[in-house]
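# Structure at a glance
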Amino acid sequence: MSTSRHTVAVIGGTGPQGKGLGYRFARHGHDIVLGSRAAGKASAVADEVNARLVSVAGAGTARGAANADAVASADVVLLAVPYDGHDELVASLQLAGKTVISCVNPLAFDKRGAHGRVVNGGEGSAAESAQALQPEAVVVGAFHNVAAPALWGDEEFLDEDVIVVGDSVEGKQVAIDLAASVTGRPGVDGGKLRLARVLEPFTAVLISINRKYKTHSGIRVTGLDH
Ligand SMILES: NC(=O)c1ccc[n+]([C@@H]2O[C@H](COP(=O)([O-])OP(=O)(O)OC[C@H]3O[C@@H](n4cnc5c(N)ncnc54)[C@H](OP(=O)(O)O)[C@@H]3O)[C@@H](O)[C@H]2O)c1
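These notes cover the structure that comes with them. Residue numbers here run from 1 along each chain, matching the order of that chain's written sequence. Only residues with pLDDT of at least 70 get local features here, since the model is predicted, and only at 80 or more are side-chain atom pairs given and counted; chain-wide, interface and lining totals rely on the full set of residues. Each side-chain value is derived from all of the structure's non-hydrogen atoms; neither hydrogens nor water enter the calculation.

The subject of this paragraph is the sheet that holds strand 10 (residues 188-189). Pairing in this open sheet of 8 strands is mixed, and the strands run 3-2-1-4-5-8-9-10 from one edge to the other. Lying at the two open borders of the sheet, with one neighbouring strand each, are strand 3 (62-66) and strand 10. With 2 bridges connecting them, strand 9 (residues 163-166) and strand 10 associate as parallel partners. Looking at strand 10, one finds that Ile163 is bridged to Val188. By definition, two strands form a pair when at least two bridges between them are found by DSSP. Here a helix means four or more residues in a row that DSSP labels H or I, a strand means two or more in a row labelled E, and each is numbered from the N terminus.

Here you go:
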(Lines give C-alpha, C1' and ligand atoms only; values in the text may rest on other atoms or scores of the structure.)
Protein backbone atom coordinates (compact mmCIF):
# COMPACT_ATOMS: atom_id res chain seq x y z
CA MET A 1 0.00 0.00 0.00
CA SER A 2 1.07 3.63 0.23
CA THR A 3 4.62 4.33 1.27
CA SER A 4 3.94 7.58 3.20
CA ARG A 5 1.08 8.79 5.32
CA HIS A 6 -0.33 11.99 3.87
CA THR A 7 -2.66 14.67 5.11
CA VAL A 8 -4.94 15.35 2.15
CA ALA A 9 -7.08 18.48 1.96
CA VAL A 10 -10.08 17.83 -0.26
CA ILE A 11 -11.32 21.04 -1.83
CA GLY A 12 -14.97 20.51 -2.58
CA GLY A 13 -14.94 17.67 -0.06
CA THR A 14 -18.70 17.93 0.51
CA GLY A 15 -19.45 16.69 -3.02
CA PRO A 16 -19.70 13.00 -3.90
CA GLN A 17 -16.31 12.78 -5.61
CA GLY A 18 -14.32 14.52 -2.88
CA LYS A 19 -16.15 12.72 -0.10
CA GLY A 20 -15.68 9.35 -1.81
CA LEU A 21 -11.98 9.78 -2.55
CA GLY A 22 -11.37 11.21 0.92
CA TYR A 23 -13.13 8.22 2.46
CA ARG A 24 -10.93 5.81 0.48
CA PHE A 25 -7.73 7.64 1.46
CA ALA A 26 -8.70 7.71 5.17
CA ARG A 27 -9.74 4.06 5.04
CA HIS A 28 -6.18 3.23 4.04
CA GLY A 29 -4.41 5.24 6.71
CA HIS A 30 -4.20 8.79 5.40
CA ASP A 31 -5.60 11.78 7.25
CA ILE A 32 -8.14 13.86 5.38
CA VAL A 33 -9.51 17.34 5.84
CA LEU A 34 -12.69 17.81 3.85
CA GLY A 35 -12.89 21.40 2.67
CA SER A 36 -15.92 23.51 1.93
CA ARG A 37 -16.91 27.12 1.50
CA ALA A 38 -18.83 26.51 4.76
CA ALA A 39 -16.84 24.77 7.50
CA GLY A 40 -19.96 23.44 9.23
CA LYS A 41 -21.09 21.68 6.06
CA ALA A 42 -17.69 20.01 5.78
CA SER A 43 -17.81 18.87 9.41
CA ALA A 44 -21.16 17.19 8.83
CA VAL A 45 -19.75 15.29 5.84
CA ALA A 46 -16.64 14.35 7.84
CA ASP A 47 -19.01 12.83 10.43
CA GLU A 48 -20.51 10.65 7.68
CA VAL A 49 -17.02 9.50 6.68
CA ASN A 50 -15.97 8.85 10.28
CA ALA A 51 -19.08 6.75 10.81
CA ARG A 52 -17.77 4.41 8.11
CA LEU A 53 -14.25 4.34 9.57
CA VAL A 54 -14.96 3.40 13.19
CA SER A 55 -14.50 -0.30 12.64
CA VAL A 56 -11.62 -0.01 10.15
CA ALA A 57 -8.27 -1.01 11.69
CA GLY A 58 -5.49 1.41 10.80
CA ALA A 59 -7.78 4.07 9.36
CA GLY A 60 -6.66 7.69 9.34
CA THR A 61 -8.65 10.62 10.61
CA ALA A 62 -11.30 12.75 8.89
CA ARG A 63 -12.41 16.25 9.81
CA GLY A 64 -13.99 19.21 8.08
CA ALA A 65 -12.76 22.78 7.61
CA ALA A 66 -13.12 25.83 5.44
CA ASN A 67 -11.23 25.26 2.17
CA ALA A 68 -8.36 27.63 3.06
CA ASP A 69 -7.89 26.07 6.51
CA ALA A 70 -7.95 22.59 5.00
CA VAL A 71 -5.12 23.56 2.62
CA ALA A 72 -3.03 25.05 5.42
CA SER A 73 -2.95 21.77 7.33
CA ALA A 74 -2.19 19.46 4.38
CA ASP A 75 0.78 18.39 2.27
CA VAL A 76 -1.47 17.14 -0.53
CA VAL A 77 -4.49 19.00 -1.92
CA LEU A 78 -7.16 17.28 -3.99
CA LEU A 79 -9.22 19.59 -6.20
CA ALA A 80 -12.73 18.09 -6.41
CA VAL A 81 -14.85 21.05 -7.44
CA PRO A 82 -16.92 21.72 -10.55
CA TYR A 83 -15.11 23.35 -13.47
CA ASP A 84 -17.40 26.37 -13.23
CA GLY A 85 -15.69 28.67 -10.73
CA HIS A 86 -12.60 26.42 -10.65
CA ASP A 87 -10.09 29.05 -11.80
CA GLU A 88 -11.26 31.67 -9.30
CA LEU A 89 -11.18 29.17 -6.45
CA VAL A 90 -7.74 27.78 -7.34
CA ALA A 91 -6.30 31.28 -7.65
CA SER A 92 -7.60 32.12 -4.16
CA LEU A 93 -5.86 29.25 -2.35
CA GLN A 94 -2.34 29.16 -0.84
CA LEU A 95 -1.03 26.19 -2.79
CA ALA A 96 2.69 27.01 -3.10
CA GLY A 97 4.81 24.02 -2.13
CA LYS A 98 1.85 21.59 -2.09
CA THR A 99 1.24 18.57 -4.26
CA VAL A 100 -2.09 19.34 -5.93
CA ILE A 101 -4.12 16.54 -7.50
CA SER A 102 -6.87 17.57 -9.88
CA CYS A 103 -9.74 15.24 -10.77
CA VAL A 104 -11.74 18.10 -12.28
CA ASN A 105 -13.53 17.26 -15.51
CA PRO A 106 -14.68 20.20 -17.63
CA LEU A 107 -17.85 18.61 -18.99
CA ALA A 108 -21.11 19.86 -20.41
CA PHE A 109 -24.40 18.10 -21.05
CA ASP A 110 -26.94 18.58 -23.79
CA LYS A 111 -29.62 16.45 -25.43
CA ARG A 112 -26.94 14.23 -26.98
CA GLY A 113 -25.42 13.55 -23.55
CA ALA A 114 -22.14 14.44 -21.88
CA HIS A 115 -19.23 15.97 -23.76
CA GLY A 116 -15.92 17.64 -23.01
CA ARG A 117 -15.71 21.42 -22.87
CA VAL A 118 -13.02 23.24 -24.82
CA VAL A 119 -10.41 24.68 -22.43
CA ASN A 120 -8.01 27.36 -23.62
CA GLY A 121 -8.96 26.92 -27.27
CA GLY A 122 -8.25 23.18 -27.13
CA GLU A 123 -4.71 23.75 -25.87
CA GLY A 124 -5.48 23.28 -22.17
CA SER A 125 -7.22 21.38 -19.41
CA ALA A 126 -8.44 22.10 -15.90
CA ALA A 127 -5.24 20.59 -14.47
CA GLU A 128 -3.03 22.77 -16.68
CA SER A 129 -5.07 25.84 -15.70
CA ALA A 130 -4.46 25.00 -12.04
CA GLN A 131 -0.72 24.71 -12.70
CA ALA A 132 -0.64 28.01 -14.58
CA LEU A 133 -2.54 29.74 -11.75
CA GLN A 134 -0.29 28.21 -9.08
CA PRO A 135 3.21 27.94 -10.57
CA GLU A 136 4.78 27.15 -7.18
CA ALA A 137 2.53 24.15 -6.64
CA VAL A 138 3.14 20.73 -8.18
CA VAL A 139 -0.07 19.87 -10.04
CA VAL A 140 -0.89 16.40 -11.24
CA GLY A 141 -4.06 14.96 -12.74
CA ALA A 142 -5.60 11.74 -11.41
CA PHE A 143 -8.90 10.09 -10.43
CA HIS A 144 -10.76 11.72 -13.36
CA ASN A 145 -12.31 8.47 -14.47
CA VAL A 146 -13.33 6.99 -11.10
CA ALA A 147 -17.07 7.20 -10.44
CA ALA A 148 -18.23 8.72 -7.14
CA PRO A 149 -20.95 6.11 -6.39
CA ALA A 150 -18.36 3.33 -6.63
CA LEU A 151 -16.05 5.20 -4.24
CA TRP A 152 -18.77 5.36 -1.60
CA GLY A 153 -19.81 1.75 -2.23
CA ASP A 154 -18.92 -1.37 -0.27
CA GLU A 155 -16.36 -2.99 -2.57
CA GLU A 156 -12.98 -3.10 -0.80
CA PHE A 157 -11.18 -2.08 -4.00
CA LEU A 158 -12.49 -0.92 -7.35
CA ASP A 159 -11.64 -3.13 -10.31
CA GLU A 160 -10.07 -0.38 -12.38
CA ASP A 161 -6.90 1.67 -12.77
CA VAL A 162 -6.15 5.27 -11.91
CA ILE A 163 -4.13 7.02 -14.61
CA VAL A 164 -1.86 9.78 -13.29
CA VAL A 165 -0.44 12.59 -15.45
CA GLY A 166 1.99 15.32 -14.49
CA ASP A 167 5.29 17.00 -15.21
CA SER A 168 6.85 16.13 -11.82
CA VAL A 169 7.93 12.56 -11.15
CA GLU A 170 7.69 13.16 -7.37
CA GLY A 171 4.23 14.70 -7.68
CA LYS A 172 2.98 11.82 -9.78
CA GLN A 173 4.36 9.35 -7.24
CA VAL A 174 2.13 10.84 -4.53
CA ALA A 175 -0.99 10.23 -6.64
CA ILE A 176 0.28 6.83 -7.79
CA ASP A 177 0.60 5.82 -4.10
CA LEU A 178 -2.78 7.27 -3.11
CA ALA A 179 -4.44 5.41 -5.98
CA ALA A 180 -3.69 2.16 -4.14
CA SER A 181 -6.27 3.22 -1.54
CA VAL A 182 -8.89 3.06 -4.27
CA THR A 183 -7.86 0.18 -6.52
CA GLY A 184 -5.54 -1.89 -4.31
CA ARG A 185 -2.65 -1.29 -6.68
CA PRO A 186 -0.54 1.72 -7.63
CA GLY A 187 -1.81 4.23 -10.13
CA VAL A 188 -0.49 4.10 -13.69
CA ASP A 189 1.90 6.82 -14.89
CA GLY A 190 0.14 8.16 -17.97
CA GLY A 191 2.68 10.81 -18.99
CA LYS A 192 2.85 14.58 -18.91
CA LEU A 193 0.33 17.01 -17.47
CA ARG A 194 -0.94 18.09 -20.89
CA LEU A 195 -2.44 14.63 -21.29
CA ALA A 196 -5.08 15.73 -18.79
CA ARG A 197 -6.63 17.07 -22.03
CA VAL A 198 -7.37 13.42 -22.84
CA LEU A 199 -8.32 12.10 -19.39
CA GLU A 200 -10.74 14.91 -18.50
CA PRO A 201 -13.15 14.70 -21.47
CA PHE A 202 -12.83 10.90 -21.63
CA THR A 203 -15.13 10.82 -18.60
CA ALA A 204 -17.92 11.85 -20.99
CA VAL A 205 -17.47 8.47 -22.70
CA LEU A 206 -17.72 6.67 -19.36
CA ILE A 207 -20.89 8.61 -18.52
CA SER A 208 -22.40 7.50 -21.84
CA ILE A 209 -21.41 3.89 -21.06
CA ASN A 210 -22.93 4.20 -17.59
CA ARG A 211 -26.21 5.39 -19.02
CA LYS A 212 -26.36 2.68 -21.64
CA TYR A 213 -25.35 -0.23 -19.38
CA LYS A 214 -26.66 1.09 -16.03
CA THR A 215 -23.26 0.75 -14.34
CA HIS A 216 -20.33 2.73 -12.91
CA SER A 217 -17.65 2.02 -15.49
CA GLY A 218 -13.94 2.74 -15.13
CA ILE A 219 -10.70 2.26 -17.04
CA ARG A 220 -8.50 -0.82 -16.82
CA VAL A 221 -5.06 -0.62 -18.43
CA THR A 222 -3.83 -3.93 -19.84
CA GLY A 223 -0.28 -5.03 -20.54
CA LEU A 224 1.11 -3.96 -17.18
CA ASP A 225 2.72 -6.23 -14.64
CA HIS A 226 1.62 -4.67 -11.35
N1 LIG B 1 -19.16 12.81 -9.45
C2 LIG B 1 -18.38 11.96 -10.11
O3 LIG B 1 -18.70 10.76 -10.28
C4 LIG B 1 -17.03 12.42 -10.64
C5 LIG B 1 -16.15 11.48 -11.22
C6 LIG B 1 -14.89 11.90 -11.67
C7 LIG B 1 -14.54 13.22 -11.56
N8 LIG B 1 -15.42 14.12 -11.04
C9 LIG B 1 -15.04 15.53 -10.97
O10 LIG B 1 -14.84 15.87 -9.62
C11 LIG B 1 -15.27 17.21 -9.39
C12 LIG B 1 -16.29 17.20 -8.26
O13 LIG B 1 -17.39 16.41 -8.65
P14 LIG B 1 -18.70 16.34 -7.73
O15 LIG B 1 -19.68 15.53 -8.47
O16 LIG B 1 -18.32 15.95 -6.35
O17 LIG B 1 -19.12 17.90 -7.77
P18 LIG B 1 -20.21 18.75 -7.00
O19 LIG B 1 -20.94 17.89 -6.03
O20 LIG B 1 -21.00 19.50 -8.02
O21 LIG B 1 -19.29 19.82 -6.24
C22 LIG B 1 -18.39 19.45 -5.23
C23 LIG B 1 -18.31 20.56 -4.21
O24 LIG B 1 -17.69 21.72 -4.79
C25 LIG B 1 -18.13 22.88 -4.08
N26 LIG B 1 -18.44 23.92 -5.06
C27 LIG B 1 -19.47 23.92 -5.95
N28 LIG B 1 -19.42 25.04 -6.71
C29 LIG B 1 -18.36 25.75 -6.27
C30 LIG B 1 -17.79 27.00 -6.64
N31 LIG B 1 -18.30 27.75 -7.63
N32 LIG B 1 -16.70 27.42 -5.97
C33 LIG B 1 -16.18 26.69 -4.97
N34 LIG B 1 -16.67 25.49 -4.57
C35 LIG B 1 -17.74 25.04 -5.23
C36 LIG B 1 -19.33 22.48 -3.25
O37 LIG B 1 -18.91 22.43 -1.90
P38 LIG B 1 -19.32 23.54 -0.81
O39 LIG B 1 -20.66 24.08 -1.17
O40 LIG B 1 -19.34 22.74 0.44
O41 LIG B 1 -18.21 24.56 -0.86
C42 LIG B 1 -19.66 21.08 -3.73
O43 LIG B 1 -20.17 20.25 -2.70
C44 LIG B 1 -15.84 17.74 -10.72
O45 LIG B 1 -14.88 18.50 -11.39
C46 LIG B 1 -16.12 16.46 -11.49
O47 LIG B 1 -16.00 16.65 -12.90
C48 LIG B 1 -16.64 13.75 -10.56
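Let's pick the thread back up.
Of the strand pairs in this sheet, strand 2 (residues 31-36) and strand 3 are connected by 5 bridges, and their pairing is parallel. Bridge pairing in strand 3 links Ile32 to Ala62. Chirality of the crossover, the property in question, places the unit of strand 2, helix 2 (residues 39-53) and strand 3 among those that are right-handed. Convention used here: a crossover is right-handed provided that the path from the first strand, over the helix, to the second strand proceeds clockwise when the strands point away from the viewer.

Between the N-to-C directions of two axes lies an angle of 0 to 180 degrees, each axis being a line fitted to C-alpha atoms and, for a helix, fitted only over the stretch in contact. Where helix 1 (residues 16-27) contacts helix 2, the two axes come as close as 10 Å, and the packing angle between them is 40°. By the angle class used here, helix 1 and helix 2 are oblique. Like other packed secondary-structure pairs, helix 1 and helix 2 cross with a definite hand, here right-handed. Residues Lys19, Tyr23, Ala26 and Arg27 of helix 1 form the contact with helix 2, whose participating residues are Val45, Glu48, Val49, Arg52 and Leu53. Each residue is assigned to one class: nonpolar for Ala, Val, Leu, Ile, Met, Phe, Trp, Tyr, Cys and Pro, charged for Asp, Glu, Lys and Arg, and polar for all the others, Gly among them. Taken together, the residues of the contact of helix 1 with helix 2 sort by class into 5 nonpolar, no polar and 4 charged. An angle counts as roughly parallel when it lies under 35 degrees, as roughly antiparallel when it exceeds 145, as roughly perpendicular when it falls between 65 and 115, and as oblique in every other case. The sense of a crossing depends on the near helix, which, turned anticlockwise from the far helix by less than a right angle, makes the crossing left-handed and, turned clockwise, makes it right-handed. Whether two residues are in contact is decided by their heavy atoms: any pair within 4.5 Å suffices.

We now examine the packing of helix 1 against helix 7 (residues 169-183). The contact between helix 1 and helix 7 brings their axes to 8 Å, and the two run at 95°. Regarding the angle of helix 1 to helix 7, the classification is roughly perpendicular. Touching Leu21, Arg24 and Phe25 of helix 1 are Leu178, Ser181 and Val182, all from helix 7. Residues belonging to the contact of helix 1 with helix 7 are distributed by class as follows: 4 nonpolar, 1 polar and 1 charged.

Residue Asn120 is not a glycine yet carries a positive backbone phi of 55°. With respect to the helices, strands and loops of the structure, Asn120 is situated in the loop between strand 7 (113-116) and helix 5 (126-133). Residue classification places Asn120 among the exposed positions, given a relative accessible area of 60%. Of note, the phi angle at Lys214 is positive, near 50°, even though the residue is not glycine. Counting through the fold element by element, Lys214 comes out in the segment after helix 8 (196-213). Burial classes: relative accessible area under 20% of the type maximum marks a residue as buried, over 50% as exposed, and values in between as partly exposed (1.4 Å probe, protein chains only).

By the element assignment, Ser4 lies in the segment before strand 1 (7-11). Classification of Ser4 by relative accessible area gives partly exposed; the value is 35%. Taking the C-alpha atoms as reference points, Ser4 and Val100, 96 residues apart in sequence, are found 16 Å from one another.

Turning next to the nonpolar core. Judged by nonpolar contacts, the single largest core of 33 residues is most densely connected at Phe25, Leu78, Ile101 and Phe143. Of all the secondary-structure elements, those providing two or more residues to this core are strand 1, helix 1, strand 2, helix 2, strand 4 (76-79), helix 6 (148-151) and helix 7. No other element matches the 6 residues that helix 7 contributes to this core. Aside from chain neighbours lying at most four places away, what touches Phe143 is Gln17, Leu21, Phe25, Ile101, Cys103, Val162, Ile163, Ala175, Leu178, Ala179 and Val182. Formed by 30 residues, the second largest nonpolar core is a distinct cluster that contains Val100, Ala137, Val165 and Ile219. Residue types Ala, Val, Leu, Ile, Met, Phe, Trp, Tyr and Cys, when buried and joined through side-chain atoms within 4.5 Å, form a set referred to as a nonpolar core.

When their charged atoms lie close together, side chains carrying opposite charge are able to pair. Salt bridges are defined by distance alone: a side-chain nitrogen of Lys or Arg within 4 Å of a carboxyl oxygen of Asp or Glu. All told, the structure shown has 11 salt bridges when counted by the stated rule. A salt bridge links Glu48 to Lys19, with the shortest nitrogen-to-oxygen separation between them at 2.8 Å. A residue pair is termed long-range when its members are at least 10 positions apart, and Glu48 in helix 2 and Lys19 in helix 1 qualify at 29 residues. Glu48 sits in the partly exposed class, given a relative accessible area of 37%. Take Lys19: its relative accessible area is 14%, and that puts it in the buried class. Residue Arg197 is joined to Glu123 by a salt bridge in which the shortest nitrogen-to-oxygen separation is 3.7 Å. Of this pair, Arg197 sits in helix 8 while Glu123 sits in the loop between strand 7 and helix 5, placing them 74 residues apart in sequence. Of the residues examined, Arg197 reaches a relative accessible area of 28% and is grouped as partly exposed.

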